[in-house]
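Below are the chains, spelled out letter by letter.
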Amino acid sequence: MKTCKRCQQEKPGEAFGPSRNRDGLASWCRQCHRERGSEWAKENRERLTVKAAAWRATNQEKAAESSLRHSRKFAEKRLRYSAEWSKSNRDKRRATDAKHKAAKRLAVPAWADIKAIAAFYAATPAGHQVDHIVPLVSPYVCGLHCEANLQYLTSSENQSKRNFWWPDMPRIEDAQRQSRMFA
Ligand SMILES: [Zn+2]
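Residues numbered from 1 in each chain as written. Predicted model: local features only at pLDDT ≥ 70, side-chain atom pairs only at ≥ 80, totals over all residues.

Caption draft 1: Layout of the overall build of the protein. Secondary structure summary: the protein contains seven helices and six strands in total. Counting only residues that meet the buried cut, the protein has 5% of its 183 residues in that class. Here the contacts in the protein between residues at least 6 apart in sequence split such that 55% fall between residues at least 24 apart. (Helix = DSSP H or I, 4+ residues; strand = E, 2+ residues; numbered from the N terminus. Buried ≥ 20, exposed ≤ 12 C-beta atoms within 10 Å, placed from the backbone. Contact = placed C-beta atoms within 7 Å.)

Caption draft 2: Quick look at helix α1 (residues 30-58). End to end, α1 covers 42 Å across 29 residues, agreeing with the expected 42 Å (1.5 Å per residue, within 8%). Of all 29 residues in α1, one are buried; the element is thus mostly exposed. (Expected span 1.5 Å × (residues − 1).)

Caption draft 3: Geometry of unusual backbone geometry. The phi angle at Q8 is positive, at roughly 65°, despite the residue not being glycine. You can call Q8 exposed: it has 8 C-beta atoms within 10 Å.

Caption draft 4: Quick peek at the environment of H145. Its place among the elements puts H145 in the loop between β5 (128-132) and β6 (150-154). On the basis of neighbour counts, which here come to 19 C-beta atoms within 10 Å, the residue H145 falls in the partly exposed class. Counting along the chain gives 37 residues from H145 to V108, while the straight-line C-alpha distance between them is 4.9 Å. Once residues within four sequence positions are removed from consideration, H145 is found in contact with K104, A107, V108, A112, H132 and L136.

Caption draft 5: Representation of the environment of K73 within the structure. Position of K73 among the secondary structure elements: in helix α2 (residues 60-73). Exposure remark for K73: the 11 C-beta atoms within 10 Å place this residue in the exposed category. Linking K73 and S156, residues 83 residues apart in sequence, is a C-alpha distance of 9.8 Å.

Now the structure itself:
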């Protein structure tokens with residue numbers, strides 16, 4: 001039996017890992033080493049999260065690219081998950097779709113060429129979806145439902161794009177400054 005220097009509990013020799021101590025056993029029990037290890041990971045996770053957030057703030061374009069890359073990697077998985085989710089959350093799914101439709105109605109400018117939009121949708125290649133280049137609903141700007149803002153994406157590309165990046169996306173601070181100006 002040996003007393004652990006950390007938890008002060010007396011435990012059998014097997015409860016301690018090997019070490020170069022005189023008795024060949026670590027002074028902390030395995031349990032304590034495990035606990036300390038997960039505490040360390042947690043502390044570092046916080047530190048690294050702060051560091052990562054600071055990096056993203058100063059490298060927004062790179063950060064957007066890397067989250068897009070990451071997102072593409074898991075697109076398939078997310079598609080499957082999303083289909084399953086929709087099946088068991090039909091009401092929520094319908095509500096989201098309705099909200100999106102309403103946003104689309106409001107986003108149609110008076111000069112939009114409805115026929116051209118319809119033709120664009122009609123010509124959608126197999127396995128693709130029509131995507132709004134600038135999303136109709138995003139925290140910063142809302143895109144328009146017009147021909148110039150439409151593109152074809154494969155389903156998984158569309159899934160991975162979501163509403164967080166588009167070409168010429170304003171930097172987050174700029175968008176926030178602008179929304180304060182109009183508030
Ligand atoms: Zn211990």
